[in-house]
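Each chain, letter by letter, is given below.
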Amino acid sequence: MSEARETVIEAKGLTKRYDTATAVDSVNFSVAAGEIFGLLGPNGAGKTTTILMLLGLSDISAGTARVFGHDPMREPLAVKRRVGYLPDLVGFYDQLSAADNLHYTARLMGMSLGERKRRIPEALARVGLADVAGKKVGAFSRGMRQRLGLAEIVMKDARVAILDEPTNGLDPQASLELLDLIRALKAQGVSILLSSHLLDRVQTVCDRVALFNAGKIALMGTVEELGRQVLGGGYTVEVEASGGNGVRERLAALPGVRSVEQPAPGRWRLTCDRDLRAEAAAEAVAAGARLNQLSLDQPSLETIYTRYFQKAQAEVRHAA
Amino acid sequence: MQREGSAFQGLGVVVLKELSDHFGSMRMRILEWLVVLTALAAVYGAITQVRDVTAEDPFLFLRLFTTAREPLPSFVAFLSFLVPLMAIGLGFDAVNGEHNRRTLSRILSQPIYRDALLFGKFIAALVTLSVSLIALWLLVIGLGLIMLGVPPGGEEMARAFLFLLVTIAYAGVWLALAMLASVLFRSAATAALVTLGLWLFLTVIWPALAPAVTEAFVSPENQATFLMTGQMLARLSPSTLFGECVLALLDPTTRTLGPVYLSQLQGAVMGTPLPLWDSVMVAWPQIVGLIAASIILFVGGYVAFQRQEVRA
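Residues numbered from 1 in each chain as written. Chains lettered and ligands numbered in written order. Predicted model: local features only at pLDDT ≥ 70, side-chain atom pairs only at ≥ 80, totals over all residues.

As annotated in an unreviewed UniProt entry, chain B is ABC transporter permease from Pseudolabrys taiwanensis.

The secondary structure content of chain B amounts to twelve helices and zero strands. Counting from the amino terminus, chain B carries its helices and strands in the arrangement α-α-α-α-α-α-α-α-α-α-α-α. Taken against the 2.2 N^0.38 rule, which gives 20 Å for 312 residues, the C-alpha radius of gyration of chain B at 22 Å falls within 12% of a compact globule. Projecting the C-alpha coordinates of chain B onto the three principal axes gives extents of approximately 65 × 50 × 35 Å. Within chain B, the proportion of its 312 residues that are buried is 41%. Taking the contacts inside chain B whose residues are at least 6 apart along the sequence as the reference set, 79% of them involve residues at least 24 apart. (Helix = DSSP H or I, 4+ residues; strand = E, 2+ residues; numbered from the N terminus. Rg over C-alpha atoms; globule rule 2.2 N^0.38 Å. Buried ≥ 20, exposed ≤ 12 C-beta atoms within 10 Å, placed from the backbone. Contact = placed C-beta atoms within 7 Å.)

Glancing now at the overall build of chain A. Scanning chain A for helices and strands turns up eleven helices and 13 strands. Taking the principal axes of its C-alpha atoms as reference, chain A extends roughly 75 × 55 × 40 Å. For chain A, with 320 residues in total, the buried portion stands at 40%. If you take every contact in chain A between residues at least 6 apart in sequence, the share linking residues at least 24 apart comes to 69%.

On to the sheet that holds strand β4 (residues 62–67) of chain A. Residues and elements named next belong to chain A. Read across the sheet, three strands follow the order β2-β1-β4 without closing on themselves; strand pairing throughout is antiparallel. In this open sheet, the two edge strands, each paired with only one partner strand, are β2 (22–32) and β4. Taken pair by pair, the neighbouring strands of this sheet meet at an average axis angle of 15 degrees, ignoring direction. The sheet contact formed by strand β1 (residues 7–17) and β2 spans seven bridges and is antiparallel. Bridge pairing in β2 places Lys 16 opposite Val 24. Against the sheet, helix α1 (residues 47–54) touches β1, β2 and β4, its axis set at about 120 degrees to β1. (Pairing = 2+ DSSP bridges. Axes fitted to C-alpha atoms, helices over the stretch in contact; angles between N-to-C directions.)

At the junction of the two partners, chain B supplies 20 residues and chain A supplies 23 residues. Contributions of two or more residues to the side of chain B that touches chain A are made by α1 (11–24) and α6 (104–108) of chain B. Residue contributions to the side of chain B that touches chain A peak at four residues, all from α6 of chain B.

All names here are of chain A. In this model, Ser 26 sits at a positive phi of 45 degrees, which is unusual for a non-glycine residue. Relative to the assigned elements, Ser 26 resides in strand β2. We classify Ser 26 as partly exposed; it has 15 C-beta atoms within 10 Å. Backbone geometry at Ala 214 places phi at a positive 45 degrees, although glycine is not the residue there. Among the structural elements, Ala 214 can be located in the loop between β8 (208–213) and β9 (216–221).

It is worth spelling out the sheet that holds strand β3 (residues 36–40) of chain A at this point. Through backbone hydrogen bonds, the strands of a sheet pair up, either in parallel or in antiparallel fashion. All names here are of chain A. On the basis of which strands lie adjacent, the open sheet formed by six strands has the order β5-β6-β7-β3-β8-β9 and mixed pairing. Strands with a single pairing partner mark the edges of an open sheet, and in this sheet they are β5 (83–86) and β9. Each strand of the sheet is rotated relative to its neighbour by a mean of 15 degrees, with strand direction disregarded. Against the sheet, α1 touches β3, β6 (160–164), β7 (191–196) and β8, its axis set at about 150 degrees to β6.

Moving on, we come to the UniProt feature "transmembrane region" (unreviewed entry) in chain B. All names here are of chain B. According to UniProt, the feature "transmembrane region" (unreviewed entry) maps to residues 30–51, 71–95, 116–148, 160–181, 188–209 and 283–305 in the numbering used here. For residues 71–95, the helix share is 76%, the strand share is 0%, and the end-to-end C-alpha distance is 39 Å. Along residues 188–209 one finds 100% helix and 0% strand; the C-alpha atoms at either end are 29 Å apart. (UniProt positions renumbered as here; feature names shortened; annotations may be inferred.)

Moving on, we get to the packing of helix α4 (residues 75–91) of chain B against helix α8 (residues 154–184) of chain B. Residues and elements named next belong to chain B. With their axes 8 Å apart at the nearest point, α4 and α8 run at an angle of 40 degrees to one another. It follows from the interaxial angle that α4 and α8 lie oblique. Read as a crossing pair, α4 and α8 show a hand that is right-handed. Listed contacts from α8 to Leu 79, Val 83, Pro 84, Met 86, Ala 87, Ile 88, Leu 90 and Gly 91 of α4 are Thr 167, Tyr 170, Ala 171, Trp 174, Leu 175, Ala 178, Met 179 and Ser 182. Across the contact of α4 with α8, the residue classes tally to 13 nonpolar, three polar and no charged. (Parallel < 35°, antiparallel > 145°, perpendicular 65-115°, else oblique. Left-handed = near helix turned anticlockwise from the far one by under 90°. Nonpolar A, V, L, I, M, F, W, Y, C, P; charged D, E, K, R; others polar.)

Turning our attention to the confidence of the model for chain B. Taken residue by residue, chain B gives an average pLDDT of 87. The fraction at 70 or more is 96%. For this predicted complex, the interface confidence reaches an ipTM of 0.86, while the overall pTM sits at 0.87. (pLDDT = per-residue confidence, 0-100.)

This paragraph deals with the pairing of β9 of chain A. Across five bridges, the pairing between β8 of chain A and β9 of chain A is antiparallel. Within β9 of chain A, the position partnered with Phe 212 of chain A by the bridge is Ile 217 of chain A.

Turning to the nonpolar core, a few remarks are in order. Across soluble globular proteins, nonpolar side chains show a tendency to be buried alongside one another. By size, the foremost hydrophobic cluster in this structure holds 156 residues, and its most contacted members are Phe 75, Val 166 and Leu 175 of chain B. It is α8 of chain B that provides the largest number of residues to this core, a total of 17 residues. The contacts of Phe 75 of chain B, once residues within four sequence positions are left out, are Ala 39, Ala 42, Val 43, Ala 46, Leu 64, Phe 65 and Val 140 of chain B. Val 239, Ala 241, Leu 251 and Ala 289 of chain A belong to the second largest nonpolar core, which has 13 residues in total. (Core = buried A, V, L, I, M, F, W, Y, C linked by C-beta atoms within 7 Å.)

Moving on to the packing of α8 of chain B against helix α11 (residues 238–250) of chain B. Residues and elements named next belong to chain B. Packing of α8 against α11 brings their axes to within 10 Å, and their N-to-C directions diverge by 175 degrees. By the angle between their directions, the pair α8 and α11 is classed as roughly antiparallel. Contacts between α8 and α11 involve Arg 159, Leu 162, Phe 163, Val 166, Tyr 170 and Val 173 on the former and, on the latter, Pro 238, Phe 242, Cys 245, Val 246, Leu 249 and Leu 250. Of the residues in the contact of α8 with α11, the class split is eleven nonpolar, no polar and one charged.

Here the focus is the environment of Met 179 of chain B. Residue and element names in this part refer to chain B. One can find Met 179 in helix α8. Put simply, Met 179 and Leu 262 are 83 residues apart on the chain and 45 Å apart in space, counted from C-alpha to C-alpha. Each residue touching Met 179, except ones within four places of it in the same chain, is listed here: Gly 91, Ala 94, Val 95, Lys 121, Phe 122 and Gly 301.

Turning next to the environment of Leu 194 of chain A. All names here are of chain A. Among the secondary structure elements, Leu 194 is positioned in strand β7. Separated by 158 residues in sequence, Leu 194 and Ile 36 have C-alpha atoms that sit 7.4 Å apart. With residues up to four places along the chain from it excluded, the contact list for Leu 194 reads Ile 36, Gly 38, Leu 163, Pro 166 and Val 202.

The following block contains the structure:
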């Protein structure tokens, strides 16, 4: 993207202390306009607390937070007018219909009747709930509730959406649909801050991520950057082929290949400096083998995360 | 530093939503029927009794409220028992209900302050209670008109109306208490049990216990102090305050709610009714006490709610 990106959310030294424990410890990050930023980490790592502080729903013990330049502690209404929030396992009034639930929040936002009548059906249609607009929310599935929560953000016309564990408790199909909706929001120019403990699922939508651990940000950047940082860079190319002679030797001889493993007969895994799929395929064919499959493994967040904490623990042990 | 914007932004919206919830709820319908049926029984009892006994009472109409016919208690006694039940029924899950439905953080992430939510819920429940009480009051007066055949005088109506206002203030105390419990206890069942327990304690046990407590601290030989202390302790219960207000307002011959000194009786004609304003003055401390109690309880709930974490 060529245009200079404006910062919409900024946290500097953000800290939350309770009587006995520090839930969030000097966290620094910023979210640029139009990006999807992921706060990832295990449960209890401080993600939700960070989000609540950004919304002015929880007091900040130290440090500063700015949302569109507003301080959530001092100007909570200005912040809350611009930010849409989808809480973890969002709830609605079960005895009211989907549309009535949205009418209530729209009135809290101060929307006029005309505006509500226009925006609510629009928002419900966007998330695919138009045909159940008049149904009571009590009968809704978890996935429908999450989508109704997104509809609220769409209706609010928020420029930033903060989503806390949006795919929590959803079946695979529903969570894929939800991630599609999140991508669609981004395409509309909404900046998104989302938290999740499901690393792999969320990896696919995030532009940048911050990995939380015990109240601190352990790692931050794009998934690729993190991969290079933690796994020491490199690409993993997998080749599946049958027949042929000396495939392994030929692959290992390729320039740029650091190592070759053979996890199963007829399968080779190469660790290389760059994307060597084309070369590896040519070598396999040249060795007289039939090429069955060729794939490039993206470094997965899960691998990065586990590896990082293994390393961190090993270092602690060394130091001790 | 001052917060931006008004604390009451969104208040009207919350009140309207809560009102429609209350009026549509099954719970409210049950409470209303409970109140209407029991109160009608009491009034019917009172009317038959009044017909038999008092023929020449200048405040015949007010007898409707206070006369009991065995085995039923009077209308006022019924109210002092049932109004807390209604108020607790409307308030015990006000805040923890939002928590448990996981709607609280979503609502509070809208551009409103927590003040609006809590205050809106209180107002809506109080309006709901007032509407039912006014309906009940009109019902009783209408029944009285039909069955007694005597139109009430202006002063009687004024006294009956003041009685209605005091009843609403009494409902406010229990409502504020129930809402305080709904903030303090995350489980609605716990909040309901705690408030119902307090209600039983304050209405049934405390009036019986207060003299015993007094005896422990004041020697009965000092009669005046003994009486006053006992009364002070008993007045910690809103039910006692309500009972005394009602006594002063509905029985115009009530001259004082405390012990009477001989000097105060000089020149008094026993058994003559007091003018309306004097009756109000007799009950004034009790009325103020009821209103103050609801404000203090509400403020307690407000402070606790402001400091509470919203995460489920």
